[in-house]
Structure formats: C-alpha cells, structure tokens
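As a plain string of letters, each chain reads:
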Amino acid sequence: MKVHETRSQAHTASDERKMTRKQKAETKSQDSASPKKAKTEEDNGQEGEESMVDIRAEFEKFCKAISEHLSIKQMREILEANGQYSSGDDDAVVPRCQDIMFYGPLDHCPICGGMLECSGDRYHCVGDYSEWSSCIYSTREPPRREDTLRFPKSVESTPVYDLIKKRGDPKKSRPPRKYSAPKKPFDGMMISLAGRLTRTHQYWKSIIEEYGGKVNNSVIGVAGVTCLVVSAAERDRGGSSKVAEAVERSIPVVREAWLSDSIEKEQAQPLDAYDIASDIAVEGRGISLDKMDPSAEALETITADLKVFGKRGVHKDTKMQDEGARILEKDGLLYNCALSVCNQKNQINDFCIMQLIMSPENRLHMYCKKGRIGDSIRADDKLEEWEDVDDAIQEFARLFEELTGNEFESWEREKKIQKKHHKFFPIDVDDGVEVRHGALGLRQLGSAAAHSKLDPMVANFVKVLCSQEIYRYALMELGHDSPEVPIGMLTDLHLKRCEETLLYFVEKVKSMKETGQAAECVWYEFSQRWFTLMPSIRPFTFRDYTDLAEHAASAYETIRDVNFASRIIEDMSGSTLDDPLFERYNKLGCFVSPLEKDSDDYKMIVNYLEKTYEPIRVGDMSYGVSVENIFSVEVSACPSLDDIKKIPNKVLLWCGTRSSNLLRHLQKGFLPSVCSLPVSGYMFGRAVVCSDAAAEAARYGFTAIDRPEGFLVLAVASLGEEIKEFSSPPEDTKALEEKKIGVKGLGRKKTDEKEHFVWKDDIKVPCGRLIPSEYKDSVLEYNEYAVYDPQQVSIRYLVAVKFDEQGVVYDTDEA
C-alpha cells in the first residue's frame, strides 16, 4: 500500500534536516536510555502475564469448588436472585453462574436492554431488538454491575457459602476477566479430504493446519475424525468408497464451502448445514434446498411443482387437488393461510401452510404443514378429517392465534395484524393463479404458438412471456423460489407493506448515527423483517447499499412484476386450441410487430447495439451478443411518438430488464425505481433510468449461461428543458423528483460524440464507440439518464438478443 505524505509529515522531515547540535545530543542521550525503558516494559508485560495466569488458576479452582458443592437448581436460583439469564440447558447454566460469582453480575445489553449470557469466552445478548428480530450484541468485555450478590437460603448451608459470599462483595477486588488468544476455527479437529476439490489437497492441508486443525488421509482406523470434506459434485456421483466409509461410521460428509466459510467467520460452522451425504445413505431422506450447491438447487426448483398456487389452491401434498377438493369458504372467509418467520441468529427460517379442505363428498379435512423453507422433505405435515365444520373452524382459528399471536378473523376480514416476538407472520396470498403453475409448461409452448392467429413471430414472442420458465428462473435467481410459498400471487396490500418496509429502512440507514454493533443490529433487524415478508430459501444479512439494491429493491420490483404477470396470464394449463396467446396479447392493449431485417430502423438498431456493447464477464467467461429479432412496439400507457416529439431533448436510449418484467412494461409502461440508493440504477432516486450504452442495459437483460436468450428495450426519453449532470450520487434526490428535472449521470466510459446522429423527429441517437471519459472517479461505469415523469418515456423497440460465449471452440466431430 502506498502511503501519501501529508503536509505535516513533509514539514517534520524538513525540520529534521535543520536539527541543532544540542538537539542531536539530546536525541542521542534518549536513544541510549531506551534499552532500559524497553526492559522495564518487558518486565511489566511479564508481570501482567503472570497475573493473568494467577487469576485463571484461581478462577479454575473456584469453578471446581462451585461445581462440586452447588446443584444446577441452586445455580439457577442464584442467577434469578441477581437478575441474570437463567433459562436454557443445564450445561449452559454452570458457566454463567461461575462467571457472575467470580467476576461480578452482568449489566443489561447496551443496545436493547436485554440480558447477557456467558457463552465460552464471549457474552451474547439473549434479548430481542424488536418484534421482528433478536439482538445480536456480542462482546468479550461486558458491562458489569457493582452490586453485592444475593444468595438464596438454600445456598447458605453449603460448604462454599463463605467463599462465594466473599466473592460476591463488590468492596473486594473483582478482577477483570482476561483471555488467552482466541481459538482458531479448526482447533482440535481432525479433517479428512476426498475427491477433486477447487484447491489442491496440499493447499487445504496447509490452510487447515494454519487454522489449528490436522489432516488425515483416511477415515478408517482413525479415532476422532471430525468430518470428511468433498466436492459438491460427489452427491451427484453417488459417493466414492471413501464417502461410503464415512457414512457407515457416521462421520459427517460436508461440502468444501464449510472450510472457507469457517475461516471467513472465524469459527467452525455447523456441519449439518453443509451435509451432502444424507441422500447418499440408504436411510437418507434427501438433501434440503438451502444446503445444496446453488446450481443443484436451481435444477430442483426450476422443475418442482408449486405446492400452493394461490388463495384457493389446495396443497399438492394432500393429493386432494386432483379429486376436485376445494378450500373451505364460509361467511366470506377462506380458510387458507401461508405463514413465515425468519430469525437467522436462532437458525429459524420457517414456513407454515394451514388449510381447511372440503372434498367433493363434503368431507372436511384440516391440513397443516410446517418446517424450514427449502426443506420440505423434513417438514411436519398432518391431514386430519373433521366431522363438525364449526369445531374444525375453531381449531383452525386457535392454531392461527398460537402461531401468530393474532386473531384469524380480524386478519382475514380486515387485514389487522401485529407482529409478535418469535411468532409467524402471514404472507397475504391473493385469489388467483401464480405463473409458476398457471403459465404455459414446456409441452404446451409449441402447440400454443401453432394454434394462434397472431403473426408467427409475434406469437413466438408472446409465447415466451407466457411461459413458466422465465418466471421460475427469475425467482430462482433471486432466491425466492420456494415451491411451498406462492410468492408470485401476493395481494397488493402485502406488496405495499414490503415497499413501505424497504423505503422506511432506506431513509433510516441514510440518517443513521449508530456505529459498530448498534449499526449491525439495525441492518440485521431489517434483514429478518424482509425475509419474513419475502421468504427466501437462502436468507442473509444485508450489509451495504449494493446488497439493498440487488437483493431488496430489484427483488421487490421483479416480484411485483411477476405478480402482475400472474394476473395477466391466469390459468393456461388447459387446452391451447382456443388460442390463449391471442387472448393474453389483447389484454396487454399494446401493438407489437416485427421489423424487416433489411429496413433502415433494423440496421440502425443493430449498429447502435454493436457500437455500445461490451462483453459481459461471468467468472472466467466473456459473453458477446447477437440480435435474433427486433420488434416495433406501441404501448398504450406510454406517450405516442407524436406526443413525445413535442418535448425537447429527446434521446433514444437502452433500458435493461428481466424477461419476467416485460408484461408489466408492455401494459403499464416503465415504473420509476422503487427507492433512492447511491448505486447504479437507483442513484437518482425514483426515476426511470436508461443508458446510452447497450453494455449497461445488458447487465439487467442478461439471463444465465444455460439460458442465453433475453431482451433489451429501446425507448425515446425526453429530458426536458433543463438537464443536470452528476458524476457522484446527488445529496438530495427528492428535489430532483419534485421538479422533474432531466438528469445525466456521467460514467467512466462514454460513447464517442463524433459518431452521434439525429434520427427521425429530431431524436438524438448517442451511437458511438465506448471510449474513456474525463470522469475517471465516477461511481458509474457508463452514462445513465434519469427521467422523473414516466410520460416522458416511450417504449419503441424490443430487441431479442442471444448472449454467446466468446473464445469457445466446439468439437464438431464429437457433436
């Protein structure tokens, strides 16, 4: 790291050159005295170390006496008498009691006011930060009270009473607790490696030993092997002989990620969270989605049947849906609830589905399934038949109140709900059919297009937007793809609650004065709240604005648009002979027509794309782009070209979007960004954001390596009379939103202005090679344009593209 010399440092260096002889002599005298001073400091250090050893020895002797003469019940009574945390396992009570009697009673958590507990060499808060979240305060130097310890009468007759009473007097010196160096994550562990890992076995051996562990090549005849580390691909191969040997000996078999995660988090992670052998073992029950390698999880959820498709959807696992069963509806109430709760500190990320189901023979059943999101196989489910409808309804209401702390009827009729500590919260599912169930399946796509009276190219385009695939992939990429929760069929009220939660937190974090662990608690609380409202197979704790943009704001916008698509598509699972594509196309109220490839507009757009595109990098691979088709679009919700050409400063710009969002855009036009964040796409607040670089739009339109097709949008945006330019996030985006001023964000790269030209109706096309700009320190890579009035943006073209791997040579003989 290069350290730049400050002005004061330069001044000191100059002064040193001007030292007088007297100053040099004094300096020499000080230097000659320094060894003696160093010796004194060394002695003090040794004395401190000896003192720490003495205190530790005394503490160990004290603990031994306490354990021998006090029962667990007495220790709990001591903790209760002194206002300390006394719940939990017996094994946890002992060290807590020993700690407060030797070092003094713990004070309350400085963040939430909850109780602290001693756990190993750290102290953790056991309180709640809010009704949504536990407190995550943790420290090695907790606040302590200067109170005299109180002891119950049952302790007074014990042989150690005089000892603990003496220790309980704050007037006596209570030593501060001293610690040895923190344990390394693999201390005391024997780890075995197998198969082809991402790094060599020798590399991992050196790393494991550096972090306190040992490596043994065998799992046979070696006592105390902690686990066997293998590649995630081992599960697909069925397991090697070494894996089989480990399974036979009940030795955990874990993914390689366990090593890296344990090192990153500075403590050994739970082995069962990385287990890959549960479905290799004969008695295994399969591996949960959240413990799979992400690529394996994607394959599972993409093809999984949605368990509940909407408010009237009978859970698939009951096997009653195909018999014509229905959700009970009585007095205006539908007895079908989806509940969720997330608390990562307590390793809780659970769902619950409750239904009253009426069979065609009018036999009533109550179904309840509860478990971890992504682990449907191990979830508890129960299907019971009830003779009396009123009794079943009463039990349903009782169970709802037990799980949520709220009355069912108040929730179902008026949507009155209050989150309770450690309780579930309802996911407000709407009455309809989610696209993962109702949209076209793979087998329907060909016949749907063949039976349509739409232009063949338009029919194929609409077919893509009405297919399950793009919505399944969109939710999978966001981690909101649990088959148990119909996240694509939510009520507007629930979506509004999610939006308000996000906006409230964004404003809170921007003005936040908390630092350190207090700030971490704020972020953690939002994370638990967000993943309770928006259940995910892989919840995590948000850390920064980039996380908020990618996994909250963008996720919310996509889920909102997937919900919109569900209402447009509805249920297309039946016959395609009645031309469902034409019916859905008419619902959009827009006009789509293919451009002729020899037309001037087609050639202009291809040139614009080629000039302003740069390959997308995914890992070590680069992806170019090629044009498949271009469609001219007239969206009724957008201003017409005749209307927009009357407004000044019109520019043809690229807009990136997921394919799953297109139905929403084609009926309603673009919506402004949901919030203001100091990152690309959200930097200018609630605006419609476009770019003059196809490379920027492609980041949003890029799908995945195994799904190379996507869409880019070209829109005419009018920036108005006044245009403001920024190369860093503006301090006040609300003023820009209110005044609806056009904004240009200046990126580190720009299009060569020498190649720009004017298109029809005085519309500027900033087509030109991407070259470095003069704004090398900008937070944006490419220029961005923000328009605050959606009526100043008109969608004109949809460009169907294919992303191609670059530099790949295929073996045609093998093919």
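Scroll up a little and you will see the structure.
Residues numbered from 1 in each chain as written. Predicted model: local features only at pLDDT ≥ 70, side-chain atom pairs only at ≥ 80, totals over all residues. Heavy atoms only, no water.

Participant: Describe the overall build of the protein chain, and please don't skip the residues or the numbers.
Facilitator: If you tally the helices and strands in the protein chain, you get 26 helices and 31 strands. The buried share among the 815 residues of the protein chain stands at 50%. Contacts in the protein chain between residues at least 24 apart in sequence constitute 71% of all its contacts with a sequence separation of at least 6. For the protein chain, the exposed surface amounts to about 40200 Å²; the carbon and sulfur share of it is 47%. (Helix = DSSP H or I, 4+ residues; strand = E, 2+ residues; numbered from the N terminus. Buried < 20%, exposed > 50% of the residue type's maximum accessible area, 1.4 Å probe, protein only. Contact = heavy atoms within 4.5 Å. Areas by Shrake-Rupley, 256 points an atom, 1.4 Å probe, with all protein chains shown as cover.)

Participant: Account for the side chain of R560, naming residues and giving values.
Facilitator: If you trace the backbone, R560 turns up in helix α20 (residues 545–569). Assessed through its relative accessible area of 17%, R560 is described here as buried. Beyond its immediate stretch of four places on either side in the chain, R560 contacts L495 and L671.

Participant: So what's going on with the sheet that holds strand β2 (residues 122–125)? Residues and values would help.
Facilitator: With antiparallel pairing, the three strands of this open sheet are ordered in space as β1-β2-β5. Across the chains shown, the open sheet's two edge strands, defined by having one partner strand only, are β1 (116–119) and β5 (138–139). As paired elements, β1 and β2 share four bridges and run antiparallel to each other. By the bridge assignment for β2, L116 is matched with C125. (Pairing = 2+ DSSP bridges.)

Participant: Requested: an account of the nonpolar core, with residues and values cited.
Facilitator: Generally speaking, soluble globular proteins have nonpolar side chains that are buried together. Core analysis: the largest hydrophobic core is formed by 79 residues, its most contacted members being F461, I569, L581, I605, L652, W654 and L666. Top element by residues in this core is strand β31 (residues 793–805). It accounts for eight residues. Contacts of L581, omitting those with residues within four sequence positions, involve L440, A448, A449, S452, L454, A459, V462, K463, C466 and M572. Judged by nonpolar contacts, the second largest core, of 67 residues, contains V341, V429, F526 and F542. (Core = buried A, V, L, I, M, F, W, Y, C linked by side-chain atoms within 4.5 Å.)

Participant: Hey, could you go over helix α22 (residues 600–612) for me, with residue numbers and the actual values?
Facilitator: Helix length check: α22 (13 residues) gives 18 Å between terminal C-alpha atoms against 18 Å at 1.5 Å per residue, within 8%. For α22, every residue scored as buried is listed here: D601, Y602, M604, I605, V606, Y608, L609 and T612. (Expected span 1.5 Å × (residues − 1).)

Participant: Tell me about the sheet that holds strand β6 (residues 190–193), residues and numbers included.
Facilitator: Taken in spatial order, the four strands line up as β7-β6-β8-β9 in an open sheet, and their pairing is parallel. Both edges of this open sheet fall to β7 (214–215) and β9 (253–255), since each of them pairs with a single strand only. Across three bridges, the pairing between strand β8 (residues 225–230) and β9 is parallel. Residue pairing across strands places V229 opposite V254, the latter belonging to β9. Helix α7 (residues 201–210) rests against β6 and β7 of the sheet, and its axis sits at about 170° to β6. (Axes fitted to C-alpha atoms, helices over the stretch in contact; angles between N-to-C directions.)

Participant: Give a description of unusual backbone geometry that names residues and reports values.
Facilitator: With phi around 55°, Q347 is a residue other than glycine that occupies positive phi space. Residue placement: Q347 occurs in the loop between β13 (336–343) and β14 (348–358). Of note, H422 is a non-glycine position whose phi angle comes to about 60°, a positive value. Of note, H422 is situated in the loop between α13 (408–414) and β17 (425–427).

Participant: Outline helix α3 (residues 72–81), listing residues and values.
Facilitator: When we look at burial in α3, the residues that qualify are Q74, M75, R76, I78 and L79. A positive backbone phi angle near 65° is found at G83, which sits one or two residues after α3.

Participant: Which residues make up the packing of α20 against helix α21 (residues 580–588), and what values do they have?
Facilitator: Remark: α20 packs on α21, axes separated minimally by 10 Å, with the N-to-C direction vectors making an angle of 125°. Compared by their axis directions, α20 and α21 come out oblique. Judged by residue contacts, R567, I568 and I569 of α20 engage R584, K587 and L588 from α21. Counted by class, the contact of α20 with α21 contains three nonpolar, no polar and three charged residues. (Parallel < 35°, antiparallel > 145°, perpendicular 65-115°, else oblique. Nonpolar A, V, L, I, M, F, W, Y, C, P; charged D, E, K, R; others polar.)

Participant: So what's going on with the side chain of S673? Residues and values would help.
Facilitator: Along the polypeptide, S673 turns up in the loop between α24 (662–668) and β22 (688–691). For S673, the side chain forms a polar contact with the main-chain oxygen of G681, separated by 3.2 Å. The residues touching S673, leaving out its near neighbours within four places in the chain, are E557, G681, Y682, G685, R686, A687 and V689. (Polar contact = N/O pair within 3.5 Å; in protein donor to acceptor, adjacent residues only side chain to side chain.)

Participant: Please give an account of the packing of aromatic side chains that cites residues and values.
Facilitator: For the structure on display, the rule yields 24 aromatic pairs. Ring geometry for F102 against Y103: centres 4.8 Å apart, planes inclined by 80°, an arrangement best described as edge-to-face. Taking 6.2 Å as the distance between ring centres and 45° as the angle between the ring planes, the aromatic pair formed by F684 and F726 counts as tilted. Here F684 is found in the loop between α24 and β22, whereas its partner F726 is found in strand β24 (residues 723–726), with 42 residues between them in sequence. (Phe/Tyr/Trp six-rings, centres within 6.5 Å; stacked < 30°, edge-to-face > 60°.)

Participant: Quick one: what's the story with the state of the cysteines, residue by residue and with numbers?
Facilitator: Counted by the stated rule, this structure contains zero disulfides. C63 takes part in no disulfide bond, and the closest cysteine sulfur to it belongs to C118, at a distance of 9.4 Å. Judged by relative accessible area, C63 falls into the buried class, the value being 11%. Sulfur of C135: no disulfide; nearest cysteine sulfur belongs to C112 and is 3.8 Å away. (Disulfide = S-S within 2.5 Å.)

Any link to function would need more than the numbers given here.
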